[in-house]
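Chain and residue survey
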Amino acid sequence: MIQDTVTDEVLLRKPKFIAFLFSIILLCFFIIDPSQSIMGELLEPALGDPEKSGIYGHFITSFMLSALLVLNLLAISFIPRFRFQVIVVWVQLLILFLSFFYSFDLSFVFIRSKIWFMITQGIFTTLYVSAISIVIASFIAIIGAIAKMSSNGFAFAIASFYTSFFRGLPLLMQVYLIYLGLPQIGYVIDAVPAGIIALSLCYGAYMTEIFRAGIMSIDAGQWEGSRALGFKFSLIMRKIILPQSIPLIIPPTGNQFIAMLKDSSLVSVIGVWELMFLARTLGNKTFNHMEMLITAAMLYWMMTMVLELIQSRIERKYQKRQSR
Amino acid sequence: MSEDNQNTIGPIISIKDMNKFYDDFQALTDINLDVNVGERIVICGPSGSGKSTLIRCLNRLEAHQSGSVNVNGVELHQHMKNIDKVRSEVGMVFQHFNLFPHMTILENCTAGPMWVNNMPPSDAHEMAMSYLNRVKIPEQANKYPAQLSGGQQQRVAIARSLCMNPKVMLFDEPTSALDPEMVSEVLDTMTDLAESGMTMICVTHEMGFAKRVADRVIFMDEGKIIESNDPIAFFENPQSDRTKKFLSQVLVH
Ligand SMILES: Nc1ncnc2c1ncn2[C@@H]1O[C@H](COP(=O)(O)OP(=O)(O)OP(=O)(O)O)[C@@H](O)[C@H]1O
Ligand SMILES: [Mg+2]
């Protein structure tokens, strides 16, 4: 999106809008009744016991909260630089978020006792299962893409059947089907390989389209130029077409990897000891479910943030290379 | 029967009663053409007359539906086994160069000899440099195509084809995508090549080049060969009205 050089007047400078915003927020707060909240406790000296302060206390607490929120928004709108605005809002949201978790009364001792195991066992398994799967999926995708572009009806049929099937079923179901289905035909399989197979097949189906688009975007002149020199199909593919489509394929593949990292949580259902599995099981004995779920959630979030950072770096690098 | 002997006796390219369709549309009709070794042929004609289609049938970038196309003693058809060999002996230069953008100029030139003819890298390198010398851009060897001007890229494309030691060179409007000031450097390279005795078939609208270099000029319209003559007769004394009209249009400016 390209910003206009002339900006509209900031809404939060209009008294009418501020009044409107304030009343809406007040209404919302009034409906959800914040008299039991921290604000209610803070106001206790003035209003008395929040339980008994009735509709009057209820209203005052809502009013105070709304005023605080609107003032905060106003203050943010006065921050001059875009960057600082972003940082302040992020920090505020993060604090809100964490205090929300904090209010669950979590046992941090328990978290601390388990977090190392969650990282070494959980994150490690999540990462390696995803990494192996994305590599296999890429190979499947190359073959699938070539088959889908071929004039051979047999190859096209197989490839389109495959993509249709694996894109049409929920991943969770594929995980079950492979883990429970393969033993039915006499092939007993461990949980980890079953999970890897399910993820590879499913993502291979999605990535087939990515690879196909990447290959198709190469100018027909490259095929003709290579053929005119006497190159055979596999040589053209390996040396001329794929090297040129890789820069187009890598960014969306990175996105797929991030998505797979989260989808790999589905293989926890067959007992692969990855992050999600640990999150569900570690807290069971002592009823510390919330602790483990929140820790795992944070770990997933951090992992994807790091990967997104790497991903944007890679994307920028290839963009530069393209414009050379 | 050795192929090499054959082409010194008969024509190196022989097209007989060839017809070519794109679905229902007939792009070429009853084409008959023999090209002898060392002969230089210029094909001209209005846009859409089938010039590109004709020369693309010669290395089977396009398939013909009836008649026969014989290149260097090999009959081209759908189920032939050695199309790659035929193609490696027929050089082709395109309007838009079709260089490989991810490879350096030198790699563009060595790829064919190394990958198709299994030439050792050092020999391929040496040969590529000698052809780059011949098209007068050895100093660009380690650059990428996008860093060169259009005229330089087209000369690289010519060198790349020559590295395969082709027996015939096909040119499809090699100068039409170039800025005017670059046309002559490419035409000079082609003239050079013609003087060295290369068999050439050029689709081009450069009538000056045709007059200077061609042994035979062929005029096409609506998928047919209308006229085929030596350049003097062709330009001084065109036979058909369509040729006259075409010549009046291209020679006016
Ligand atoms: N791939 C194709 N599919 C269908 N029709 C085609 C195809 N390629 C060419 N044609 C048609 O065949 C006819 C001849 O095309 P061709 O490209 O050989 O003409 P040309 O003489 O090279 O013209 P130009 O001077 O514009 O390059 C044209 O009418 C064109 O529309
Ligand atoms: Mg053409």
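Located above this text is the structure these notes cover.
Structural notes on the layout of surface pockets
All names here are of chain A.
- Here the largest pocket is characterised by a volume of approximately 820 Å³.
- What lines the largest pocket is a set of 21 residues, among which Phe29, Leu65, Leu68, Leu96 and Ser99 lie closest to the centre.
- Counting residues per element, the ones that place at least two in the lining of the largest pocket are α1 (15-32), α2 (38-42), α4 (54-77) and α5 (82-102).
- Here the residues of the lining of the largest pocket sort into 16 nonpolar, five polar and no charged.
- The volume enclosed by the second largest pocket comes to roughly 620 Å³.
- In this structure, the second largest pocket is lined by 21 residues; those nearest its centre are Ser151, Trp223, Arg227, Phe233 and Ile236.

A look at the sheet that holds strand β10 (residues 224-229) of chain B
Residue and element names in this part refer to chain B.
- On the basis of which strands lie adjacent, the open sheet formed by six strands has the order β6-β7-β8-β3-β9-β10 and mixed pairing. Two strands bound the open sheet, and with one partner strand each, they are β6 (90-93) and β10. Across this sheet, the average inter-strand angle for adjacent strands is 15°, counted without regard to direction.
- The pairing of β6 with strand β7 (residues 168-172) spans four bridges and is parallel. Bridging from a neighbouring strand, Val93 pairs with Phe171 of β7.
- The sheet strands contacting helix α6 (residues 150-162) are β6 and β7, and the helix crosses β6 at an angle near 170°.

Quick word on the environment of Asp17 of chain B
Residues and elements named next belong to chain B.
- Relative to the elements of secondary structure, Asp17 occurs in strand β1 (residues 13-22).
- In this structure Asp17 comes out as partly exposed when scored by relative accessible area, which is 45%.
- Setting aside anything within four residues of it in sequence, one finds Asp17 in contact with Asp30, Ile31, Asn32, Ser66 and Gly67.

Some remarks on the environment of Pro15 of chain A
Residues and elements named next belong to chain A.
- Considering the arrangement of structural elements, one finds Pro15 in helix α1.
- For Pro15, a relative accessible area of 63% gives the class exposed.
- Between the C-alpha atom of Pro15 and that of Met292, which follows or precedes it by 277 residues, the distance is 46 Å.

Overview of the state of the cysteines
Residues and elements named next belong to chain B.
- In total, this model carries zero disulfides over all chains according to the counting rule given.
- The structure places no disulfide on Cys163, whose sulfur is separated from the nearest cysteine sulfur, that of Cys109, by 4.7 Å.
- By relative accessible area, Cys163 is classed as buried at 1%.

The rules behind these values
Residues numbered from 1 in each chain as written. Chains lettered and ligands numbered in written order. Predicted model: local features only at pLDDT ≥ 70, side-chain atom pairs only at ≥ 80, totals over all residues. Heavy atoms only, no water. 1 Å grid on protein atoms, 1.4 Å probe; cavity = no way out; pocket = protein on both sides within 12 Å on 5 of 7 lines; lining within 4 Å. Points joined across faces, edges and corners; volume = space filled by probe spheres on them. Helix = DSSP H or I, 4+ residues; strand = E, 2+ residues; numbered from the N terminus. Nonpolar A, V, L, I, M, F, W, Y, C, P; charged D, E, K, R; others polar. Pairing = 2+ DSSP bridges. Axes fitted to C-alpha atoms, helices over the stretch in contact; angles between N-to-C directions. Contact = heavy atoms within 4.5 Å. Buried < 20%, exposed > 50% of the residue type's maximum accessible area, 1.4 Å probe, protein only. Disulfide = S-S within 2.5 Å.

Everything listed here is a matter of geometry and, on its own, says nothing about what the molecule does.
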